[in-house]
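# Report on the structure
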Amino acid sequence: MSIIVHKTSRVLVQGITGKEGTFHTLQMMEYGTQVVAGVTPGKGGQKFEGKVPIFNTVKEAVDKTKANVSVVFVPPAFAADAVYEAADAGIEAVVCISEGIPAMDMLKVYNYLKKTGTRLIGPNCPGIISPGRCKVGIMPGFIHKEGNVGVISRSGTLTYEAVDQLTRQGMGQSTCIGIGGDPVIGTRFIDALQLFKDDPDTKAVVLIGEIGGTAEEEAAAWIKEHFNKPVVAFIAGQTAPPGRRMGHAGAIISGGKGTAAEKMDALKKAGISVCKSPADIGKTVASILKKP
Amino acid sequence: MNIHEYQAKEILRNYNVAVPRGKVAFTVEEAVRNARELDSHVFVVKAQIHAGGRGKGGGVKLAKSVEEVKKMSDDMLGMNLVTHQTGPEGKEVKRLLIEEGINIARELYLGIVLDRSVSKLVIMASTEGGVEIEKVAAEKPEAIIKEYIDPQIGLQSFQARKIAFGLGLSGEQIKNAVHFISSLYKAFVESDASLAEINPLVVTAEGQVLALDAKMNFDDSALFRHPHILEMRDQHEEDPLEIEASQYKLNYIKLDGNVGCMVNGAGLAMATMDIIKLAGGMPANFLDVGGGANVETVRNGFKIILSDSNVKAILINIFGGIVRCDRVAQGIIEATQSVEIKVPMVIRLAGTNAEEAAELLKNSQMNFEVAQTLEEAAQKVVQVLN
């Protein structure tokens, strides 16, 4: 199995005719994802690459194509609206790639979605992939391999690095989920861990965190209580100075809180294998899973 | 984005949040004029820099006459103000806030921040005014009053009342505090702030509640809808290299080490800094060139990195996903032809078309080391340093 996106997922692309949307839709289709619809207001009735029908509204797209997962490529100023529209149409999971959405917008989105059945992944994330089955996002598909390691990460390219290490060690992945680098995100470490816990095909989890916030500490406490599969963690930003935003809107040590050292310490105390070096992620998982 | 105290108070004043009367001065003459206009018996001369702890560093002074305002302004303008937040090098004072003196009865704390663990704004208040909230949180957490705000209904009056009573206010003070808190919340939300800190919030002998100090930060992602706040940016408070980098749309932060690094993606950029340190070196910067990494971004990246004279070696780490490594390699080769690079360089390109890229780099006859893995890259760059 896999979590959130599967072979059967029917994917809708919001902002399919934009530059990013077009490029990545083609990549997703090439990977084998079932892209069943696109939405660009005003372009309803047209076809994307002569194959995928485009609709004016998400509601119409869902009614006509039974899409159940959407991926959002619209500019940040309009992204919150796109997520609301997907939720309104009953989409099960919205993957929001857009970077730079105002936090005040996301606060409303997050608290609104809690009252609906819609799950949000991201924003400011590479998306989610269940290797060999379904890719919803912008990650390079070919570095992945079907297998039993779940990956949860706040980062983009660092996730690719970790996945690449796993694949080179011969260990495939069940699902890799980029939860996003913003301070307010839809799916957190604990939400993803909960799903991996119930997924029989996931035998171990790689957790990639970074400075800022307390999500890693909360995950550590939760893992200690509720999760009995092996977890390997890496925290980026051990050398990051306090008070500076390191690229991601959420990566900042403020008021002395959110340091890598604190997070690594909390994870270690919860019995999690913490890698000091980002080069050791693959090896560490291998040493645990390949134990005779 | 950060702004100065006087700018925060201007924003607050527009939302009817009570602040002392006062005005910014860039020269001694302006300071004197502002003091005369205030027509007060007591004045406060406050250095305007983006750092806390100004009082202890000598950046906040009480004046009893316009003459004293003149003397203090003369001393303060141009001085190098050192506080626990500026680092030992300090910051030059270029602006002053001249305010009326206030008859303080009590000093309290009031702040609004985003609590990421619950994804809600939280208003925090404490009777320990003038003390850093982190210190109170560590030593006397029970002294902090917290009210979480549901973003769908906003702050309710009863919540403001809970805070006011919790702070031990009474009578007319309650009404004033509720108005203050509600107005501050409105200012925060409508200007897309990421932090508002009123420390101290003072109660005057007359029962007024006002912001003696005010600090506001704003969400960079929302500045597009607040051009008037963007205008408040003070480039003197920023590193010139970082300003230049932002003009190239590069995400650059200067650090103290000697290994310059250029990476695609923020997480990988941090991880690269970390592994440089683990290998025995020190990163000179954080630089995320974004997903694209074309000739232009690579060339600009080199320019920025090499403007830092501490840089003794460069490590390029690109994980090509959508961006193909051979194109990045081509970009590096072209960029090195237009920017003179005198320090050794280690290049690690992984992902899409990494082998073709390695071939290109090898055939370019240029003087750089190529590494396969992250670990090898870090070790090589530290070796070339020694």
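Now for a look at the structure at hand.

Criteria and thresholds
- Numbers given to residues run from 1 along each chain, matching the order in which its sequence is written.
- Chain labels run from A onward and ligand labels from 1 onward, assigned in the order the entries are written.
- Since the coordinates come from a predicted model, pLDDT governs what is reported: local features require at least 70, and pairs of side-chain atoms require 80 or more to be given and counted, while whole-chain, interface and lining totals use all residues.
- No hydrogens and no water enter the side-chain calculation; it runs on all heavy atoms of the structure.
- Starting at the N terminus, helices and strands are each numbered in turn, a helix being any DSSP run of H or I of at least four residues and a strand any DSSP run of E of at least two.
- Multiplying 1.5 Å by the helix residue count minus one yields the expected span of that helix.
- Relative accessible area decides the class of each residue, using a 1.4 Å probe on protein chains only: under 20% of the type maximum gives buried, over 50% gives exposed, and in between gives partly exposed.
- Whether two residues are in contact is decided by their heavy atoms: any pair within 4.5 Å suffices.
- If DSSP finds at least two bridges between two strands, the strands pair.
- Between the N-to-C directions of two axes lies an angle of 0 to 180 degrees, each axis being a line fitted to C-alpha atoms and, for a helix, fitted only over the stretch in contact.
- To sort the angles, those under 35 degrees are grouped as roughly parallel, those over 145 as roughly antiparallel, those from 65 to 115 as roughly perpendicular, and the leftovers as oblique.
- Three classes are used, and their members are as follows: Ala, Val, Leu, Ile, Met, Phe, Trp, Tyr, Cys and Pro are nonpolar, Asp, Glu, Lys and Arg are charged, and the others, Gly among them, are polar.
- Salt bridge, as applied in this entry: a Lys or Arg side-chain nitrogen positioned within 4 Å of an Asp or Glu carboxyl oxygen.
- Here's the idea: put two parts together, see how much 1.4 Å probe accessible area each one loses, and the total over both is what we call buried area.
- Distance and chemistry together define a polar contact, namely a pair of N or O atoms within 3.5 Å, with one atom able to donate a hydrogen and the other to accept it when in protein, and with adjacent residues in sequence counting only for side-chain atoms on both sides.

## A look at helix 5 (residues 157–168) of chain A
All names here are of chain A. Over its twelve residues, helix 5 runs 16 Å from end to end, which matches the ideal 16 Å to within 8%, given 1.5 Å per residue. The buried fraction of helix 5 is high, at ten of twelve residues. Inspection of helix 5 places Thr157, Leu158, Thr159, Tyr160, Glu161, Ala162, Val163, Asp164, Gln165 and Leu166 among the buried residues, and these make up the whole buried set. Phi turns positive one or two residues past the end of helix 5, at glycine 170, with a value near 85°.

## Some remarks on the environment of alanine 357 of chain B
All names here are of chain B. Positionally, alanine 357 belongs in helix 12 (residues 354–363). By relative accessible area, which is 0% here, alanine 357 ends up buried. C-alpha separation for the pair alanine 357 and valine 113, spaced 244 residues apart in sequence, amounts to 46 Å. Not counting the four nearest positions on each side in its chain, alanine 357 is found in contact with Cys325, Asp326, Ala329 and Leu349.

## Comments concerning the sheet that holds strand 14 (residues 273–275) of chain A
All names here are of chain A. Within the open sheet, the seven strands sit side by side as 9-8-11-10-12-13-14. Their pairing is mixed. Single-partner strands in this sheet number two, and they are strand 9 (134–137) and strand 14. Within the sheet, the average angular offset between the axes of one strand and its neighbour, ignoring direction, is 15°. The pairing of strand 13 (residues 231–236) with strand 14 spans three bridges and is classified as parallel. Considered in strand 14, the bridge of valine 232 is made with serine 273. Where helix 5 meets the sheet, it contacts strand 10 (146–153), strand 11 (173–178), strand 12 (204–210) and strand 13, and its direction lies at approximately 155° from that of strand 10. Sheet strands in contact with helix 8 (residues 260–269) are strand 12, strand 13 and strand 14, and its direction is about 170° off that of strand 13.

## Brief notes about the packing of helix 5 of chain A against helix 9 (residues 266–278) of chain B
At a closest axis distance of 5 Å, the pairing of helix 5 of chain A and helix 9 of chain B adopts a crossing angle of 65°. Our classification of the angle between helix 5 of chain A and helix 9 of chain B gives roughly perpendicular. Here Thr157, Leu158 and Glu161 of chain A of helix 5 of chain A come into contact with helix 9 of chain B, specifically with Gly267, Leu268 and Ala271 of chain B. Per-class residue counts for the contact of helix 5 of chain A with helix 9 of chain B are three nonpolar, two polar and one charged.

## Some words on the pattern of salt bridges
Side chains carrying opposite charge are able to pair once their charged atoms draw close together. All names here are of chain B. Following the criterion strictly, the structure yields 38 salt bridges over all chains and no others. Among the salt bridges present, the one from lysine 175 reaches glutamate 172, with a minimum N-O distance of 3.4 Å. Here the residue lysine 175 and the residue glutamate 172 both occupy positions in helix 6 (residues 172–190), the gap between them amounting to three residues, near one helical turn. Glutamate 172 matches lysine 175 in its accessibility class, with the two residues each being exposed. In this structure, arginine 233 and glutamate 238 form a salt bridge, with 2.8 Å as the shortest nitrogen-oxygen distance. Of the residues examined, glutamate 238 reaches a relative accessible area of 28% and is grouped as partly exposed. The network of salt bridges with common partners includes Glu5, Lys9, Lys46, Arg54, Glu99 and Asp213.

## Description of the interface of chain B and chain A
Between chain B and chain A, the contact holds 47 residues from the first and 60 residues from the second. Interface area, chain B with chain A, both sides summed: about 4,100 Å², of which 63% is carbon and sulfur. When the area that chain B buries against chain A is broken down by residue, the three leading residues are Arg116, Phe319 and Ile322 of chain B, summing to 18%. Inspection of the region where chain B meets chain A yields four salt bridges. Arginine 244 of chain A is paired through a salt bridge with glutamate 242 of chain B; the nearest N and O atoms lie 2.5 Å apart. For the pair chain B and chain A, the interface holds 14 residue pairs in polar contact (both at pLDDT 80 or more). Listed by contribution, the elements that provide at least two residues to the side of chain B that touches chain A are strand 8 (120–126), helix 6, strand 13 (251–254), helix 9, strand 17 (345–351) and helix 13 (374–385) of chain B.

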